[in-house]
Amino acid sequence: MKASQVFVVGGFRTTLLASPEIVTGEFSKYRAIACANALEPDLLATLLRLCREGQFESNEVAHLGHREVESPQCAGRALTHVLKRADLMEWIERATGCGPLETLDGRVVRARANNHDQLLWHDDLDDPRRRLAITINLSEHGYEGGLFELREKRTERLLAAHHHLAPGTALIFDVARDIEHRVLPVTSGGPRCVYTGWFFKRAE
């Protein structure tokens, strides 16, 4: 799955660089869209600093795995705020055909190369309002492992695999009953630090 630069989110505005219809075919095929350079450089630098200086606490997710979560959410809160803009939400609605979106919530999480931090297959629907998910790379240092995979539940056919190679890359992916995803352990380098959030469907 090839990453394209289709929008740039800054501290004060979002710049839409391409028609959402350019990636609808990709989303239909892979149930995901990879977005290169999705954050404006000054905003990215601020978020990386907040992650570097921030506090993280251990977080064990029952039956799924372990990671560390930023606490309090400083970088996470700032990024959630700018990703909620109406123009970006509308662009994502059109690009994915997912229907009306109401809001977004998310946080920054971190995985270390410790043979422990990972997330097993799951669908994110412990909250049924979730319609799409987004991850954005906030890792200052490169890492091996930490691969994201998305597959069909029934057939176990792999739909997409994504490695966040550069800070500021984003992945938007479907949240539905027929698919599930996981994050493999980081094997070296890192840590893998990402914003992970969910777009919620509008209440009917």
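Here the structure is shown first, and the text comes after it.
I will try to describe carefully the structure that is included in this document. Bear in mind the structure is a predicted one, so any value in this text is a computation, not a measurement. (Residues numbered from 1 in each chain as written. Predicted model: local features only at pLDDT ≥ 70, side-chain atom pairs only at ≥ 80, totals over all residues. Heavy atoms only, no water.)

Because each turn of an α-helix spans 3.6 residues, side chains separated by three or four positions in sequence point in the same direction. Along helix 4 (residues 86–96), the residues that are buried comprise Leu-88, Met-89, Trp-91, Ile-92, Glu-93, Ala-95 and Thr-96. Just downstream of helix 4, Gly-97 is the residue with a positive phi angle, here 65 degrees. (Buried < 20%, exposed > 50% of the residue type's maximum accessible area, 1.4 Å probe, protein only. Helix = DSSP H or I, 4+ residues; strand = E, 2+ residues; numbered from the N terminus.)

It is worth spelling out the side chain of His-164 at this point. Of note, His-164 is situated in the loop between strand 11 (158–162) and strand 12 (170–174). One polar contact links His-164 to Thr-135, side chain to side chain, over a distance of 2.9 Å. Of the polar contacts made by the side chain of His-164, one reaches the side chain of Thr-169; its length is 2.8 Å. Excluding residues that lie within four positions of it along the chain, His-164 makes contacts with Thr-135, Ile-136, Asn-137, Tyr-143, Thr-169, Ala-170, Leu-171, Arg-192 and Val-194. (Polar contact = N/O pair within 3.5 Å; in protein donor to acceptor, adjacent residues only side chain to side chain. Contact = heavy atoms within 4.5 Å.)

Trans peptide bonds make up the majority, and among non-glycine residues the majority have a negative phi. Each neighbour pair has its own omega, and for Ser-71 with Pro-72 the value is 0 degrees, a cis peptide bond. Positive phi outside glycine occurs at Arg-31, with the angle close to 60 degrees. Mapped onto the elements of the fold, Arg-31 is located in the loop between helix 1 (24–30) and strand 3 (32–35). On the accessibility criterion, Arg-31 (17% relative accessible area) is buried.

What follows is about the packing of aromatic side chains. Inspection of every chain in the model, using the stated rule, returns two aromatic pairs. Pairing Phe-7 with Trp-91 gives two aromatic rings, centres 5.5 Å apart and planes at 75 degrees, and the pair type is edge-to-face. Of this pair, Phe-7 sits in strand 1 (residues 7–9) while Trp-91 is found in helix 4, placing the two residues 84 residues apart along the sequence. On the basis of relative accessible area, Phe-7 is assigned to the buried category, the value being 2%. A residue is classified by how much of its surface remains accessible, and Trp-91, at 4% relative accessible area, is buried. Measuring from centroid to centroid gives 4.7 Å for Phe-148 and Phe-173, while their planes differ by 50 degrees, and the two rings are tilted. With Phe-148 in strand 10 (residues 148–152) and Phe-173 in strand 12, this pair connects stretches of sequence that are 25 residues apart. Exposure class is identical for Phe-148 and Phe-173. Each is buried. Sitting above the plane of the Phe-56 ring, Arg-110 keeps its charged end 4.0 Å from the centroid. Arg-130 extends its terminal NZ or CZ atom over the ring of Trp-198, reaching a point 3.8 Å from the ring centre. (Phe/Tyr/Trp six-rings, centres within 6.5 Å; stacked < 30°, edge-to-face > 60°. Lys NZ or Arg CZ within 6 Å of the ring centre and 35° of its normal.)

This part takes up the pattern of salt bridges. Within this structure, the stated rule accounts for 16 salt bridges. Ionic pairing is found between Lys-153 and Asp-123, a salt bridge with its closest N-O pair at 2.7 Å. On the criterion of sequence distance, the pair formed by Lys-153 in the loop between strand 10 and strand 11 and Asp-123 in the loop between strand 7 (118–122) and strand 8 (130–137) is long-range, its members being 30 residues apart. Overall, Lys-153 belongs to the partly exposed group, its relative accessible area being 30%. Owing to a relative accessible area of 15%, Asp-123 belongs among the buried residues under this scheme. Between Arg-130 and Asp-126 there is a salt bridge, with its nearest N and O atoms 3.2 Å apart. By relative accessible area, which is 12% here, Arg-130 ends up buried. (Salt bridge = Lys/Arg side-chain N within 4 Å of Asp/Glu carboxyl O.)

Side chains of strand 3 alternate between two faces, with Ala-32 and Ala-34 and Ile-33 and Cys-35 buried alike. Where strand 3 meets strand 12, four bridges bridge the pair, whose relative direction is antiparallel. If you follow Cys-35 over to strand 12, its bridge partner there is Ala-170. (Pairing = 2+ DSSP bridges.)

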